[in-house]
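Remarks on the overall topology
The residues making up each chain are set out below.
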Amino acid sequence: RDAGLVTTDITDAAGNWSVITQNTAGIPDTAEAGDRFGSSIEANGPADAGMPVEVQVGAPGEDLGTGLEDAGFVVGFQVLNEGIPPFELGRAWRVSAATIGGANTPGARFGSAISSIRPDELSGPRYLMYGAPGTSNNTGKVFFHDSYQNQLQQWTKATGTPTPGDLYGSHL
């Protein structure tokens with residue numbers, strides 16, 4: 001229950017939409033109850049330029065092992081044929097706080113929100129922000145990752161004193 005899925009606007013010959021889950025071939029991990037795969041989605045890249053569209057999908061309820069329940073992660077993948085049936089999945093990868101230089105923590109719900117900036121639509125640096133509102137007793141945190149230089153910044157509440165229940169990073 002609540003494993004999650006993502007539906008695309010790419011349809012097959014019968015008009016059925018493409019559905020992506022963690023059980024889709026090429027997507028890392030497997031679907032489990034409570035993963036909440038698809039809770040947040042961010043797509044970046046122009047389909048008309050002949051380059052793949054990159055999609056980031058949050059699974060904030062993902063357990064990353066014993067003691068890391070609901071730590072959360074993000075699945076990134078390329079769509080090679082945006083808008084042209086059948087759906088064609090390219091390279092796929094997995095992002096967690098630990099894979100970008102932070103630390104996985106239980107209940108963080110990493111990937112609850114995702115946002116990105118690509119200054120040049122065709123190439124260049126890509127900046128990704130991942131919300132983890134359950135970090136530090138629900139105070140929350142935003143991870144800002146410069147994927148071009150592979151640098152990480154971690155932000156907590158910008159003004160005032162961070163307090164439990166702020167849920168900073170719930171929305172980006």
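Anything mentioned here points back to the structure above.
All of the points below concern the structure found in this document. Everything numeric in this text was worked out from a predicted model, so none of it was measured.

Before going further, it helps to spend a moment on the sheet that holds strand E8 (residues 127-132). Reading across the sheet, the four strands line up as E7-E8-E9-E10 and stay open at both edges, with antiparallel pairing between neighbours. Each edge of the open sheet is held by one strand with a lone partner, namely strand E7 (113-117) and strand E10 (151-155). Pairwise comparison of adjacent strand axes, ignoring direction, gives a mean angle of 15° for this sheet. Strand direction decides the pairing type here: E7 and E8, joined by five bridges, are antiparallel. Across the sheet, the residue bridging to Ala113 is Gly131, located in E8.

It is worth spelling out the sheet that holds strand E3 (residues 41-44) at this point. Read across the open sheet, the four strands follow the order E3-E4-E5-E6; overall the sheet is antiparallel. In the strand order of this sheet, the two ends are held by E3 and strand E6 (89-95), each with one partner. Averaged over all neighbouring strand pairs, the angle between strand axes comes to 15°, with direction disregarded. Inspection of the sheet shows strand E4 (residues 53-59) paired to strand E5 (residues 73-79) by seven bridges, in the antiparallel sense. When the bridges of E5 are listed, Gly58 appears paired with Val74.

Rules and cut-offs
Once a new chain begins, its residue numbering starts again from 1 and follows that chain's sequence as written. In view of the model being predicted, local features appear only for residues whose pLDDT reaches at least 70, and side-chain atom pairs are presented and counted only at 80 or more, with totals across whole chains, interfaces and linings using the full set of residues. Note that the side-chain values use all heavy atoms of the structure and ignore hydrogens as well as water. For two strands to be treated as a pair, DSSP must find no fewer than two bridges joining them. Helical segments are the DSSP runs of H or I of at least four residues, strand segments are the runs of E of at least two, and each set is numbered from the N terminus. Note on definitions: angles span 0 to 180 degrees between N-to-C directions of axes, and those axes are lines fitted to C-alpha atoms, for helices only across the stretch in contact.

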